[in-house]
Amino acid sequence: MNSQATSTTVTVQPGGPVSGTIRPPGSKSLTNRALLCAAVSESPCTLRGALRSEDTAVMLGGLQQLGVDIESSDGGRTLAVDGSACRPQHADEPAELYIANSGTTVRFLTAWLSALGGDYRLHGVPRMHERPIGELLDAISAVLDGTIRAESPGGCPPVRIHSRGWRGGEITVRGNVSSQYLSGLLMAAPLAQTDVCIRVEGALVSQPYVQMTCQVLRSFGVPIEAAQSLQQFRIPAGSQYRLSQYDIEPDASAASYFWAAAAITAGRVRVEGLTADALQGDVGFVDVLAQMGCTVQDDGTAIEVTGGPLRGVDVDMNAISDTVQTLAVVALFAEGPTRVRGVAHNRFKETDRIADLACELRKLGAVVSETEDGLQIEPLTAAQQQTFAGARLDTYHDHRMAMSLSLVGLRLSGVQIQNPSCTAKTYPEYFADLESLLRRPHHWRTT
Ligand SMILES: O=C(O)C1=C[C@@H](OP(=O)(O)O)[C@@H](O)[C@H](O)C1
Ligand SMILES: C=C(OP(=O)(O)O)C(=O)O
């Protein structure tokens, strides 16, 4: 499904402090890693708490095209994966895999399919064909028995793979644009004929996601060796994936919207199933809220955020870049400016999440300055908030733009969010869940 075509807007209306408890759906990142690992597990593996969304549907659909049997129950939250019939696809015409705008799916599947062997072409929506993947293809070429190339200018998908598998050996990869290249290589490496050693050249962004990859691999029994610096890895030849059940945490990036709702309304929101021990680095978003003046309580089963007077912060969000848009909305209602640094890689996501974010914040009246690797946001003054006359905000087919910007409506009347259904990428039920937390209807409008 392409969630880009719709003519609906949604408006969330202010209504005082937001208080309640919520459990967001399963983590996108864990679901897509676990699906891939389960597909090559020696015996069937059941995933519990999985996410059902566009990004996971394209991963799941790709695996099914290879013959992986996936039975879904409990509304898609339980997935019984049996990869025993999974076969490399060799034919005159390559197997066409549609990956929408899912970065995890295209980067993980590119590495994994090239290691499995076969003939494939991975293509997505127009924005996907502008998102870089060339450095991953260069890295794979070092161990590939076959050819791999990008079809769009600048080394972007579609990706064409013609492979007889990976020989194994030494791989060097760059990690300053996306950590997903490295995660993809790590998950593919057990399929190689000999040991695989991976070295990261230069800086590595989004490091918690690489730690997550290592933890998922270890849960599946793969004896990966990782240097503490996350610059060197070794995956021994003959490593087997083996696990019968894997439980997926709720999505921490999705949770950020509910914690932010508490922060900006002086409310209290408890997100169940996430604690500081979560595999997802984005739980660290609550530490930023604490720095801004919120009270954060972690009781070992949930994290609760209580909002209070907010102050601006200066923060490096390299490790938790998916929560930059959430923070930007909180910053509008703080005392003093907020500076976000270290997120140049946000320009390569569903949209340019620095320039386009700044553009939408300015439509609200905020003074925003953009830097190469982040932005500075001046909060809205009391006078600006009192005289606010409404705004119609674009979402750029970016689920996080829709989810974060909708929260402005909890404080200001008349904020229309265009194309809200783009949340389907990772959270189709977002507005319904927000509504249940608010215990009042938001307004849907067809324009
Ligand atoms: O590995 C993952 O699951 C992800 C890594 C991050 O991407 P980058 O490494 O490109 O920053 C993040 O933004 C994305 O939503 C999920
Ligand atoms: C950047 C994101 O996704 P991906 O890179 O997996 O498309 C995201 O979910 O915010």
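Rules used in this analysis
Residue indices follow the written sequence of each chain, beginning from 1 at its first position. Chain letters start at A and ligand numbers start at 1, both assigned in the order the entries are written. Selection of residues for local features in this predicted model requires a pLDDT of at least 70, selection of side-chain atom pairs for listing and counting requires 80 or more, and totals for whole chains, interfaces and linings are taken over all residues. The side-chain quantities take in all heavy atoms of the structure and omit both hydrogens and water. UniProt positions are given in the numbering used here, feature names are shortened, and annotations may be inferred rather than shown by experiment. Distances are taken per atom, and a residue is near a molecule or strand as soon as one of its heavy atoms is within 4 Å of it. Any pair of N or O atoms that falls within 3.5 Å is considered a polar contact. Within protein, one atom must be able to donate a hydrogen and the other to accept it, and sequence-neighbouring residues count only if both atoms are side-chain atoms. Per-residue and other accessible areas were derived by the Shrake-Rupley procedure at a 1.4 Å probe size, with only the shown protein chains allowed to occlude residues. For helices the rule is a DSSP run of H or I covering at least 4 residues; for strands it is a run of E covering at least 2, with both sets numbered from the N terminus onward. We count a salt bridge whenever a side-chain nitrogen from Lys or Arg sits within 4 Å of a carboxyl oxygen from Asp or Glu. Three exposure classes are used, based on accessible area relative to the maximum for each residue type with a 1.4 Å probe and protein chains only: buried under 20%, partly exposed in between, and exposed over 50%. The predictor attaches a confidence to each residue, called pLDDT, with possible values from 0 through 100.

The name given to the chain in an unreviewed UniProt entry is 3-phosphoshikimate 1-carboxyvinyltransferase, with Roseimaritima ulvae as the source organism. Turning to the chain, the UniProt annotation filed under Sequence similarities (unreviewed entry) states: "Belongs to the EPSP synthase family."

K.L.:
I'm lost on the site of ligand 1 in this one. Help?
P.N.:
Neighbouring ligand 1 are 13 residues; Ser29, Ser179, Ser206, Asp322 and Lys349 lie closest to it. Between an oxygen atom of ligand 1 and a side-chain N or O atom of Lys28, the distance comes to 2.8 Å. One nitrogen or oxygen atom from the side chain of Ser179 is found 2.5 Å from an oxygen atom belonging to ligand 1. Here ligand 1 loses 96% of its free accessible area of 390 Å² to cover by the protein chains. Sorting the residues of the shell around ligand 1 by element identifies helix 1 (28-39) and helix 3 (103-116) as the ones contributing at least two each.

K.L.:
Got a minute to help me understand the pattern of salt bridges in this structure?
P.N.:
When the charged atoms of two side chains lie near each other, side chains of opposite charge can form a pair. According to the stated counting rule, one finds 26 salt bridges in the structure shown. Note that Glu151 is salt-bridged to Arg121, the shortest N-O span being 3.0 Å. You can see Glu151 sitting in strand 8 (residues 144-152) and its partner Arg121 sitting in strand 7 (residues 118-123), a full 30 residues away along the chain. Between Arg353 and Asp398 there is a salt bridge whose closest N-O contact spans 2.8 Å. Note that Arg353 is positioned in the loop between strand 19 (338-341) and helix 10 (355-363) and Asp398 in the loop between strand 22 (391-393) and helix 12 (399-406), a separation of 45 residues in sequence. Each of the two residues, Arg353 as well as Asp398, counts as buried. Because the salt bridges share partners, they merge into one network encompassing Asp55, Asp322, Lys349, Glu350, Arg353, Asp398, Arg400 and Lys425.

K.L.:
Got a minute to help me understand the confidence of the model for the chain in this structure?
P.N.:
Detailed reading of the predicted coordinates is not advisable wherever pLDDT falls low. When pLDDT is averaged across the chain, the result is 96; 97% of the residues are at 70 or more. For this predicted complex, the interface score ipTM comes out at 0.99, alongside a pTM of 0.97.

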